[in-house]
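# Chains, contacts and geometry: an overview
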Amino acid sequence: MTLSNLKNPANLASHYPHKYQPTCTLPFKKMAAALGLCLGLSSWAQAQLPAPVESALNRAKISTEDISLLIMPINAATNNNTQPIPNKSRLPKTVKPEQAKALEAESSDPDALPPETQDTIVMSGTAATEPKPSAQQSSAATTTPTSPAVTEPNSQSASQTAVTSNEATGLSVVEKPTPSIEFPVRHLAELPRTPASTMKLIPTFVALDLLGPDFVWFTQVYHTGFISANTLYGDLIIKGSGDPKLTAQRLNKLLEQVQKSGIQHIKGDIVLDSSIFQGVTKDPAAFDNDPLRPYNASPDGLLVNFSSVEVTAVPLLNESQKGRSKIYYNPRLADYELPNTLANTSTGRCSSARSSLAPVWQDSGLVFNRKLPESCGTHTFYIAYPDAKDFAKRVIKNQWLNLGNTLSGNIKFLGLGNTVSGEMINTESPLKSRFGNYFDMSAGPNKDSVLTPSFSLLPSSPLPFVSYPSLPLSQQIYDINHYSNNVMTEQVTLTLPLYTQVKQKSDDPNAKPITKVIKSRQTQHSDYLKSLATINQWWQNNLTTLPPVMTNGSGLCRDCTVTAENLAELLSYAYNHRNFDTYVNSLGVAGISGTIAEHSERLPNSAAIGRAWIKTGTLNDVTSMAGYVRGQSGQDYVVVGIINGTATDQPFNTYEARYVLDTMLDWTAKQ
């Protein structure tokens, strides 16, 4: 909410509920109309919906009681944060509708994994562009510096005609002046609803605020024993830090660094330490009985490649093998059988791996229970492995041996009771081997003292000899919000309590103290209780609405609830934050990129194409959108729409529900 709107007494009750909101004890489900009985809220709790939105609801046969909506003008603040600056936009460059039609939108495979990317630095500024996509991304997926984008003048008055120049064509585009929304449009904005993936907006921004866009995770490697002639006489220990995107490719680079440090042969075991996260393993079938979908993968302290395998089928053309497809896997698993070919069938349509292949992870290998539909052609599927720790063990062993190295022992886990398969080493007390001591995880608050002194004649490494950095948080958040990756969100969420901010004096006596992020001395291990408590505390320290109810960070939950007011206040707070550029560029651009790319297919003439930055959410009976829209008047808006299909017995049509929220974006962009 802008400061000018706060001066309106009618808005105070909704923005400061603790001070101005009257008490109303009626049950909130199906009681939206009764909120009018609560003095002072009738005009705002269930306001008149925009006519196009109401029409779309009728078309979709969705009750007005099932939607919460909030559209709010927002302005950039001055340096002293006392007065807003009208028509000063902090949003990125826009892409005109006629230009957007020439761009190919991203595909939206819900099982697709975020592509491999190099470190991306998001430059600061009021018109920052999205991180540059990798070769695996759609060539026209984002508003990168090479996109034919046009920036609207920030100082353009709403009463003037906006004229912008298209450098690609040499033509001028004239925007007719349109009125902007003076006051917020609210409809059941304080009603708690299931948000689905729009909830990812919360932990990603909290992480940006607490950790900063340049924060990185470090996967560290230690060893016991000693090294002689490229042989480690001891155990290699890989200590996970919760890196959300330790892909197979990046894991290979880590192991190459181990090899370059002088270890090619291990006369001992490889010990994996995932104890940084505790009690986070979940049943992948618990949410929707679909355990092989990557969105159901469990978080882990040493998460490898999202615990998922990329399976690519390529039709064989030679006569002897015609009617079969060659199957490629990334990554491959050690000591596990994976079919090399698969028979094709002329029947059936190509869809998800579950429907097209019916895969089953058996004890000794992967089995496909269906033939591959010929309509798939060359096609890539994504299949989640049901056990994150067993997956890490098999992938690490396979990649270590593929580098030409040897291992005389086995793969073991170092954890505090958080292992669901494989051998586990108990670290409640220091554990000795004939080559030295492992970690003493209960030794005290000094986490840097990772190995206890050994009385053995053979030494062990007291410090990591390899410390492999992750991609920066800015890139991780881009992948989370752009591709709506659940397990990456959980990794970020669980990282929050492990670090703390401290103020350090600058060398310049006149300069402000420097804020630095360091490891917490109080929290050595993280779990959901600690991480969600961190978010709750941050919310109470920075915002005024009651904190949302969260049981995880990704929104893959039925017992999580937020209000439209929650998300709108968060987005408003973020708008004038120092890291806003990173945050807004992580969102999909309506009709162009991310999970909102199909907006232009559902609403081809939408005014929001290229001028809305949106996070979407979808579950059965849940559709949501939240983010920012730049109106044609030059005014920026925060928009939140959440639809839960619970008020009537009508079957919930997800496509029609999305059309309702697409209409919300279109209507807002025309303001």
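Our structure is the block above this text.
Residues numbered from 1 in each chain as written. Predicted model: local features only at pLDDT ≥ 70, side-chain atom pairs only at ≥ 80, totals over all residues. Heavy atoms only, no water.

The next thing to look at is the packing of helix α7 (residues 201–211) against helix α13 (residues 528–542). For any two helices packed against each other, one specifies the crossing angle of their axes together with the interaxial distance. Where α7 contacts α13, the two axes come as close as 11 Å, and the packing angle between them is 75 degrees. In terms of orientation, α7 and α13 fall into the roughly perpendicular class. Of α13, the residues touching α7 (which contributes Ile202, Pro203, Phe205, Val206, Asp209 and Leu210) are Thr534, Ile535, Trp538 and Trp539. Residues that form the contact of α7 with α13 fall into these classes: 8 nonpolar, 1 polar and 1 charged. (Axes fitted to C-alpha atoms, helices over the stretch in contact; angles between N-to-C directions. Helix = DSSP H or I, 4+ residues; strand = E, 2+ residues; numbered from the N terminus. Parallel < 35°, antiparallel > 145°, perpendicular 65-115°, else oblique. Contact = heavy atoms within 4.5 Å. Nonpolar A, V, L, I, M, F, W, Y, C, P; charged D, E, K, R; others polar.)

Now for helix α11 (residues 473–483). Within α11, 10 of the 11 residues are buried, which leaves the element mostly enclosed by the surrounding structure. Residues of α11 that are buried include every one of Leu473, Ser474, Gln475, Gln476, Ile477, Tyr478, Asp479, Ile480, Asn481 and His482, and no others. Where α11 is buried, its residues meet α7, α12 (486–495), α15 (580–584), β28 (588–589) and β29 (612–619). The positive-phi residue at the C-terminal boundary of α11 is Ser484, with phi of around 55 degrees. (Buried < 20%, exposed > 50% of the residue type's maximum accessible area, 1.4 Å probe, protein only.)

Right, let's talk about the state of the cysteines for a bit. Evaluated as defined, the whole model comprises 2 disulfides. Each disulfide pairs two cysteine sulfurs, and for Cys350 the partner residue is Cys376, the sulfurs being separated by 2.1 Å. The sign of the S-S torsion, about 105 degrees, decides the handedness of the disulfide formed by Cys350 and Cys376: right-handed. With Cys350 in the loop between β15 (341–345) and α9 (353–356) and Cys376 in the loop between β18 (372–373) and β19 (379–384), this residue pair connects regions lying 26 residues apart in the sequence. The class for Cys350 is partly exposed, based on a relative accessible area of 22%. By relative accessible area, Cys376 is classed as buried at 8%. (Disulfide = S-S within 2.5 Å.)

Here the focus is unusual backbone geometry. The omega angle of the peptide bond from Asn330 to Pro331 is 0 degrees, so this bond is cis rather than trans. Relative to the elements of secondary structure, Pro331 occurs in the loop between β14 (324–330) and β15. Its identity is not glycine, yet Leu188 carries a phi of approximately 50 degrees, on the positive side. Following the sequence through the fold, Leu188 ends up in the loop between β6 (185–187) and α7. Residues other than glycine seldom take positive phi values, yet Ala358 does so here, at roughly 50 degrees. Within the secondary structure, Ala358 is located in the loop between α9 and β16 (359–361).

Moving on, we get to the side chain of Asn566. Of note, Asn566 is situated in helix α14 (residues 564–575). A relative accessible area of 3% places Asn566 in the buried class. Excluding its chain neighbours within four sequence positions, the residues that come into contact with Asn566 are Trp539, Thr545, Leu546 and Pro548.

Now for the sheet that holds β19. Strand order in the open sheet formed by 5 strands is β18-β15-β14-β13-β19, with mixed pairing between adjacent strands. Of all the strands in the sheet, just β18 and β19 have a single pairing partner and so form its edges. Two strands pair when backbone bridges link them, and strand β13 (residues 308–315) and β19 are joined in this way by 6 bridges, in the antiparallel orientation. Note that in β19 the partner of Ser308 across the bridge is Ala384. (Pairing = 2+ DSSP bridges.)

On to the sheet that holds β6. One open sheet holds the 6 strands; their spatial order is β6-β1-β31-β30-β29-β28, and the pairing between them is antiparallel. Two strands lie at the open edges of the sheet, namely β6 and β28, each paired on one side alone. With 9 bridges joining them, strand β30 (residues 622–630) and strand β31 (residues 636–644) adopt antiparallel strand pairing. Counterpart to Ser624 in the pairing with β31 is Ile642. Running at roughly 155 degrees to β31, α14 makes contact with β1 (67–74), β6, β30 and β31 of the sheet.

Positionally, Ile518 belongs in strand β27 (residues 514–519). Residue Ile518 is classed as partly exposed on the basis of its relative accessible area of 32%. Sequence spacing of Ile518 and Val502 is 16 residues, and the spatial spacing of their C-alpha atoms is 7.3 Å. Residue contacts for Ile518: discarding those within four places in its chain leaves Leu498, Tyr499, Thr500 and Val502.

As a further point, take the environment of Leu372. Position of Leu372 among the secondary structure elements: in strand β18. Among the residues examined, Leu372 registers a relative accessible area of 1% and is labelled buried. The sequence separation of Leu372 and Thr347 amounts to 25 residues, and the corresponding C-alpha distance is 9.0 Å. When residues no more than four places from it in sequence are discounted, the contact partners of Leu372 are Ala313, Ser325, Leu342, Ala343, Asn344, Thr345, Ser356, Leu357 and Phe381.

We now examine the nonpolar core. If you look at the biggest cluster of nonpolar residues, it comprises 65 residues, and the most contacted ones within it are Ile202, Leu473, Leu570, Tyr583, Tyr628 and Val640. The biggest single contributor to this core is α7, with 8 residues. Counting residues in each nonpolar core, the second largest holds 45 residues, with Leu255, Leu333, Phe381 and Ala392 among its members. (Core = buried A, V, L, I, M, F, W, Y, C linked by side-chain atoms within 4.5 Å.)

Okay, the side chain of Asp666 next. With respect to the helices, strands and loops of the structure, Asp666 is situated in helix α17 (residues 654–669). Discounting residues that sit within four places of it in the chain, Asp666 has contacts with Leu603, Asn605, Ser606, Ala607 and Ala608.

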